[in-house]
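Report on the structure
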Amino acid sequence: MLDIITDFRQIQRCAHFIGLPGVTKTLQPAEPVRIGVLGASQLLENPDIDAVYIGLPNGLHGQWARKALKAGKHVLCEKPFGANQHEAAEVHALARQAGLLCREAFHFREHPLAARLRELVLGKPQPGLSDSSSPSPLPGWQQPAASPGGSQGVLGRLQHLDVQLLIPEWMFGGPQGDNIRFQDQLAGGAMMDGGCYCISLLRLLTGAEPHVVSAEASLVPGSQVTDGAMTAQLAWSDVPGLTASFTASLQHPGPVPLTQLKVQGAK
């Protein structure tokens, strides 16, 4: 039995985040509503539910995003959209075909700090950031509107960006435990869990799509596919001279998490 409790204030926040038009205007404060369902499939069959949040392990995101979209529900899906590029593209196409909103839950992109940071680095604010007036099925997947070669921020022409997202091993128990972040069948690993944040931030701050120059993974013991740490070097084909690097780790030896961004410009 899944016990679903909805609260008006939470609905308002979620509706604003995923960009459902008119939701926050039409809903009125009321007592929390309690809905009992037998399993997630029955939840998707409920005609009174317009949107769902998918917070399952990585390997189940694509499967349940497809089911929700086919059931006519708007979707807010935890990152990443799928276990691989093919699965993510399938969800993307399905959302567009159905005319439904499907967003990847990179919450930092909606924060005013992200808009200000992009304006400082790139010289232009994020197009449509926190604007729910005309949402599209997958705003996070649109081709960026700006190019770092055509606009400059306070640092001048961008030269190099470095992002680090380092999580101490003790936080998730390490690969010897049963945490979902270290399980092959659930699309675990540092790249899927933390590295996707690094890539998303680089896309946000450059307004263009990078390609991989080189990458090195440190695999967890006993696995041939799940990485405990990932380091990569990136570049941009359409922006000569711009490079980037990132490190994502679930095995950081330090006592606390470390997130760091360094941006180098020509000035």
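Shown above is the structure to which this text applies.
Residues numbered from 1 in each chain as written. Predicted model: local features only at pLDDT ≥ 70, side-chain atom pairs only at ≥ 80, totals over all residues. Heavy atoms only, no water.

Regarding the packing of helix H4 (residues 58-70) against helix H5 (residues 85-98)
Test applied: What counts as an axis is a line fitted to C-alpha atoms, over the stretch in contact for a helix, and the angles between N-to-C directions run from 0 to 180 degrees. For the purposes of this entry, the term helix denotes a DSSP run of H or I that reaches at least four residues, the term strand denotes a run of E that reaches at least two, and both are numbered from the N terminus. Relative orientations are named as follows: roughly parallel for angles under 35 degrees, roughly antiparallel for angles over 145 degrees, roughly perpendicular for angles from 65 to 115 degrees, and oblique for any other angle. The contact criterion used throughout is that any non-hydrogen atoms of two residues lie within 4.5 Å. Gly is put with the polar residues, along with every residue not named as nonpolar or charged; the nonpolar set is Ala, Val, Leu, Ile, Met, Phe, Trp, Tyr, Cys and Pro, and the charged set is Asp, Glu, Lys and Arg.
It is at 10 Å that the axes of H4 and H5 come closest, and there the two elements cross at 10 degrees. Overall, the two elements H4 and H5 adopt an arrangement that is roughly parallel. For the pair H4 and H5, contact is made by Gly62, Gln63, Ala65, Arg66, Leu69 and Lys70 and by Glu87, Glu90, Val91, Leu94 and Ala95, respectively. In the contact of H4 with H5, the residues fall into five nonpolar, two polar and four charged.

Quick word on the sheet that holds strand S3 (residues 51-54)
As a reminder of what qualifies: Paired strands, in this sense, are two strands between which DSSP finds at least two bridges.
A sheet is described by the order of its strands in space; here three strands give the open sequence S3-S4-S5, paired in parallel fashion. Looking at which strands have only one partner, the edges of the open sheet turn out to be S3 and strand S5 (102-104). This sheet shows a mean twist of 15 degrees between the axes of neighbouring strands, independent of strand direction.

Structural notes on the pattern of salt bridges
Here is the rule we go by: Counted as salt bridges are all cases of a side-chain nitrogen of Lys or Arg within 4 Å of a carboxyl oxygen of Asp or Glu. The buried label applies to any residue whose accessible area, calculated with a 1.4 Å probe on protein chains only, is under 20% of its type's maximum; exposed applies above 50%, and partly exposed to all values in between.
On inspection of all chains with the given rule, the structure shows seven salt bridges. Two residues, Asp193 and Arg181, come together in a salt bridge whose shortest N-O distance is 3.4 Å. Here Arg181 lies in the loop between strand S6 (158-168) and helix H7 (190-206) and Asp193 lies in helix H7, a separation of twelve residues in the sequence. Accessibility expressed as a relative area gives 14% for Asp193, which makes it buried. Overall, the relative accessible area of 24% leaves Arg181 in the partly exposed class.

Regarding helix H6 (residues 112-122)
The condition that has to hold: Arc definition: directions from the helix axis to the C-beta atoms.
Those residues of H6 that fall on the buried side of the exposure criterion are Ala114, Ala115, Arg118, Val121 and Leu122. Around the axis of H6, the buried residues are gathered within 135 degrees of arc, so they sit on the same side. Facing away from the buried side of H6 by more than 90 degrees, the exposed set consists of Pro112 and Leu113. Where H6 is buried, its residues meet S6, H7 and strand S10 (258-265). At the C-terminal side of H6, Gly123 shows a positive phi close to 90 degrees.

Quick look at the nonpolar core
Where a protein is soluble and globular, its nonpolar side chains tend to be buried together. What counts is decided by this rule: Grouping buried Ala, Val, Leu, Ile, Met, Phe, Trp, Tyr and Cys residues that are joined through side-chain atoms within 4.5 Å yields what is termed a nonpolar core.
Membership of the largest hydrophobic core comes to 30 residues, with the highest contact counts inside it found for Leu161, Leu234 and Phe246. Beyond its immediate stretch of four places on either side in the chain, Leu234 contacts Ile199, Leu202, Pro210, His211, Val212, Val213, Thr243, Ala244 and Phe246. If you look at the next biggest cluster of nonpolar residues, it comprises 18 residues, including Trp64, Val75, Cys77 and Phe81.

Here's the deal with the packing of aromatic side chains
The criterion, for reference: Working definition: rings of Phe, Tyr and Trp (its six-membered ring) pair if their centres are within 6.5 Å, and the pair is stacked with planes under 30 degrees apart, edge-to-face with planes over 60 apart, and tilted otherwise. Note on geometry: a ring has a charge over it if NZ (lysine) or CZ (arginine) is within 6 Å of the ring centre and within 35 degrees of the ring normal.
Taken as a whole and judged by the stated rule, the model has three aromatic pairs. Relative to Phe108, the ring of Phe106 has its centre 6.1 Å away and its plane inclined at 75 degrees; by these criteria the two rings are edge-to-face. Take Phe106 and Phe108: they sit in the same class, and that class is buried. Ring plane angle 80 degrees and centroid distance 5.2 Å describe the contact between Phe106 and Tyr197, whose orientation is recorded as edge-to-face. Pair noted here: Phe106 is in the loop between S5 and H6 and Tyr197 is in helix H7, with a separation of 91 residues, a long-range link. An aromatic cluster is defined as three or more aromatic residues linked by ring pairs; in this entry it consists of Phe106, Phe108 and Tyr197. Over the ring of Trp64 we find Lys67; its NZ or CZ atom is 4.1 Å from the centre of that ring. Over the ring of Phe172 we find Arg181, and its NZ or CZ is 3.9 Å from the ring centre.

Points about the side chain of Lys73
The test is simple: Only four residue types enter the tally: Lys and Arg on the positive side, Asp and Glu on the negative side, with His and both chain ends excluded. Side-chain atoms alone can form a polar contact between residues adjacent in sequence; in general such a contact is a pair of N or O atoms within 3.5 Å, and within protein one must be able to donate a hydrogen while the other accepts it.
For Lys73, the position within the fold is in the loop between H4 and strand S4 (74-77). The buried charged residue Lys73 lacks any salt bridge partner; its closest oppositely charged side chain belongs to Asp50, at an N-O distance of 6.1 Å. Polar contacts involving the side chain of Lys73 include one to the main-chain carbonyl oxygen of Asn46, which spans 2.6 Å. Beyond its immediate chain neighbours, meaning those up to four positions away, Lys73 contacts Leu44, Asn46, Pro47, Ile49, Asp50, Val52, Ala68 and Leu100.

Function cannot be read off these values alone, since they describe shape.
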